[in-house]
Amino acid sequence: MHASDHLDPETLEGFRRAQRLAYDCAETIAAEMTPGMRERDVAARMQDYLDDNGAEDCFHRPFAWFGDRTAFRGLIGVSQLGGFNPAFYPGNRRLEADMPFILDCAPTVHGYTADIGYCGVIGTNRILDKLMDDLAEYRQLILEQVRARRPLAEISRAVDALCQRHGYEPRHKAYPFETLAHRVEVLPDEADTTHWTLGRFGLRNIRELIRDRARGAREGWNPIWNSSAASEHPPTPGLWAVEPHLGFRDVGAKFEELLVVTEDDAYWLDEGVPHVRRWQARGLWPTARQAA
């Protein structure tokens, strides 16, 4: 079912619950992480947390990237094969003190899917702090340009231009299809609760993305938001998982969260996500009281 057809309060609350579960998972597991843990250990803990707290399916199973892999350096940054790169998957890299990490998970709860990205470090990392601070500007830019009804490809290029001004690399271009954002839809209730994955991606969510692709081809829009000609269209109503990913030297940082796009407006689904709380604590983002 297309979320754009049913942007009612009940639907939005379903997506909000899924996103909160995803961020609860990332924050809980991040608090338990210690030096020496491997990426695959952390990803497995995240999956256990999601399974134990109501997730019945996923857009993709959890990813964890440590150290220079957060900036998609080395094999993980190879974009041949359209970005479908086996090095993308959690590996044997072990966490060290002051090493940046990114956790990324996309649970489905009662048919509603979220997709989030969470950054952190055990210790301190000044480059990571700077990247995470600067991501606030990207969140504001994307929202302003969607509200101005700029073509999605143009917004993607504006993100690239902001990266260039900051001296960063837009590392989301190493993702499959150089994706800045992708659609999520409401999955239908199914009697069969066996939900399969292929290559860590949930088949039901991928099936909806393929249906979006077919529907978009008929209607003139693309469910994968990137800088290509296929995204040269106004913002399409629905829910988009937006994920700008910045890289500087061997450090990468991103956020990912759901953006609600209506026929004439746009807003972030939840202003209580961890990166916004962090910016508010550092005086980089208005609090609810300041914004009122």
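Higher on the page you've got the structure.
What you see as residue numbers is a count from 1 along each chain, following the sequence as written. Predicted model: local features are reported for residues with pLDDT of at least 70 only, side-chain atom pairs are reported and counted for 80 or more only, and whole-chain, interface and lining totals are derived from all residues. Neither water nor hydrogens contribute to the side-chain values; these are computed over all heavy atoms in the structure.

A.B. asks: Let's hear about the layout of surface pockets: which residues, and what values?
C.D. replies: Here a cavity means grid points, on a 1 Å grid over the protein atoms only, where a 1.4 Å probe fits yet cannot get out; a pocket means an open set of points with protein on both sides within 12 Å along at least five of seven lines; lining residues are those with an atom within 4 Å of a point. Grid points are joined across faces, edges and corners, and a volume is the space filled by probe spheres set on the points. Put simply, the largest pocket is a space of about 490 Å³. Lining the largest pocket are 25 residues, and of these Phe59, Phe84, Pro176, Phe201 and Leu209 lie nearest its centre. Each helix is a run of H or I in the DSSP string that is no shorter than four residues. Each strand is a run of E no shorter than two, and both are numbered from the N terminus. Of all the elements in the fold, those that place two or more residues in the lining of the largest pocket are strand E1 (57-66) and helix H5 (203-219).

A.B. asks: Quick one: what's the story with a nonpolar patch on the surface, residue by residue and with numbers?
C.D. replies: Together, Trp196, Leu198 and Leu203 make up an exposed nonpolar region whose accessible area comes to about 370 Å². Within the fold, tryptophan 196 resides in the loop between strand E6 (181-184) and strand E7 (197-198). Like charges are joined within 9 Å and nonpolar side chains (Val, Leu, Ile, Met, Phe, Trp, Tyr) within 5 Å, but only among residues with over 30% relative accessible area and no salt bridge; these make up the patches. The Shrake-Rupley method, run with a 1.4 Å probe sphere, supplies the accessible areas, and residue values consider only the shown protein chains as cover. Salt bridge, as applied in this entry: a Lys or Arg side-chain nitrogen positioned within 4 Å of an Asp or Glu carboxyl oxygen.

A.B. asks: Pulling in residues and values, what's your account of helix H6 (residues 274-281)?
C.D. replies: Throughout this description, buried means an accessible area under 20% of the type-specific maximum (1.4 Å probe, protein chains only), exposed means over 50%, and partly exposed covers the range between. Looking at H6, one finds that the buried residues are Pro274, His275, Val276, Arg278 and Trp279. Buried residues along H6 sit in contact with helix H1 (9-32), strand E4 (116-121), helix H3 (126-147) and strand E13 (257-261). Downstream of H6 by a residue or two, glycine 283 has a phi angle that is positive, lying close to 75°. Note on definitions: a residue-residue contact is assigned when non-hydrogen atoms from the two residues lie within 4.5 Å.

A.B. asks: Hey, could you go over the sheet that holds strand E9 (residues 224-225) for me, with residue numbers and the actual values?
C.D. replies: One requirement defines pairing of two strands: DSSP has to find at least two bridges between them. Taken in spatial order, the five strands of this open sheet run E9-E6-E10-E13-E14, and their pairing is antiparallel. Each end of this open sheet is capped by a strand with a single partner; those strands are E9 and strand E14 (266-268). Where E6 lies against E9, two bridges are found, and the strand directions are antiparallel. Bridged to histidine 182 within E9 is isoleucine 224.

A.B. asks: With reference to specific residues and values, describe the sheet that holds strand E11 (residues 245-248).
C.D. replies: If you walk across this open sheet you meet the three strands as E5-E11-E12, and the pairing is antiparallel. Looking at strand neighbours, the two that pair on one side only are strand E5 (169-170) and strand E12 (251-254), the edges of this open sheet. In this structure, E5 lies alongside E11, joined through two bridges in antiparallel fashion. Paired with glutamate 169 across the strands is glycine 247, a residue of E11. Under this scheme, a helix contributes an axis fitted over its contacting stretch, all axes are lines through C-alpha atoms, and angles between N-to-C directions fall in the 0 to 180 degree range. Running over the sheet, H3 touches E11 and E12 and is turned about 35° from E12.

A.B. asks: Run through unusual backbone geometry, naming residues and quoting values.
C.D. replies: Even without being glycine, glutamate 178 reaches a positive phi, approximately 50°. You can see glutamate 178 is positioned in the loop between E5 and E6. Residue glutamate 178 is classed as partly exposed on the basis of its relative accessible area of 40%. Residue arginine 249 is not a glycine yet carries a positive backbone phi of 55°. The residue arginine 249 is located in the loop between E11 and E12 in this model.

A.B. asks: Lay out the nonpolar core with the relevant residues and their values.
C.D. replies: Ranked by internal contacts, the top residues of the largest apolar core, which has 85 residues, are Met33, Val42, Leu103, Ile142, Trp225 and Leu259. Residue contacts for valine 42: discarding those within four places in its chain leaves Ile29, Met33, Met37, Ala64, Phe66 and Leu103. Nonpolar cores are built from buried Ala, Val, Leu, Ile, Met, Phe, Trp, Tyr and Cys residues. Side-chain atoms within 4.5 Å join them into one set.

A.B. asks: Which residues make up empty space enclosed by the protein, and what are the values?
C.D. replies: Applying the stated criterion across every chain yields a total of one cavity of 30 Å³ or more. Of the volumes computed, that of the largest cavity is approximately 40 Å³. Along its surface, the largest cavity is lined by Phe59, Arg183, Val184, Glu185, Asn205, Glu208, Leu209 and Asp212. Listed by contribution, the elements that provide at least two residues to the lining of the largest cavity are E6 and H5. The dominant element in the lining of the largest cavity, judged by the number of residues it contributes, is H5, at four residues. Of the residues belonging to the lining of the largest cavity, the class tally is three nonpolar, one polar and four charged. Residues are grouped as follows: Ala, Val, Leu, Ile, Met, Phe, Trp, Tyr, Cys and Pro are nonpolar; Asp, Glu, Lys and Arg are charged; every other residue, Gly included, is polar.

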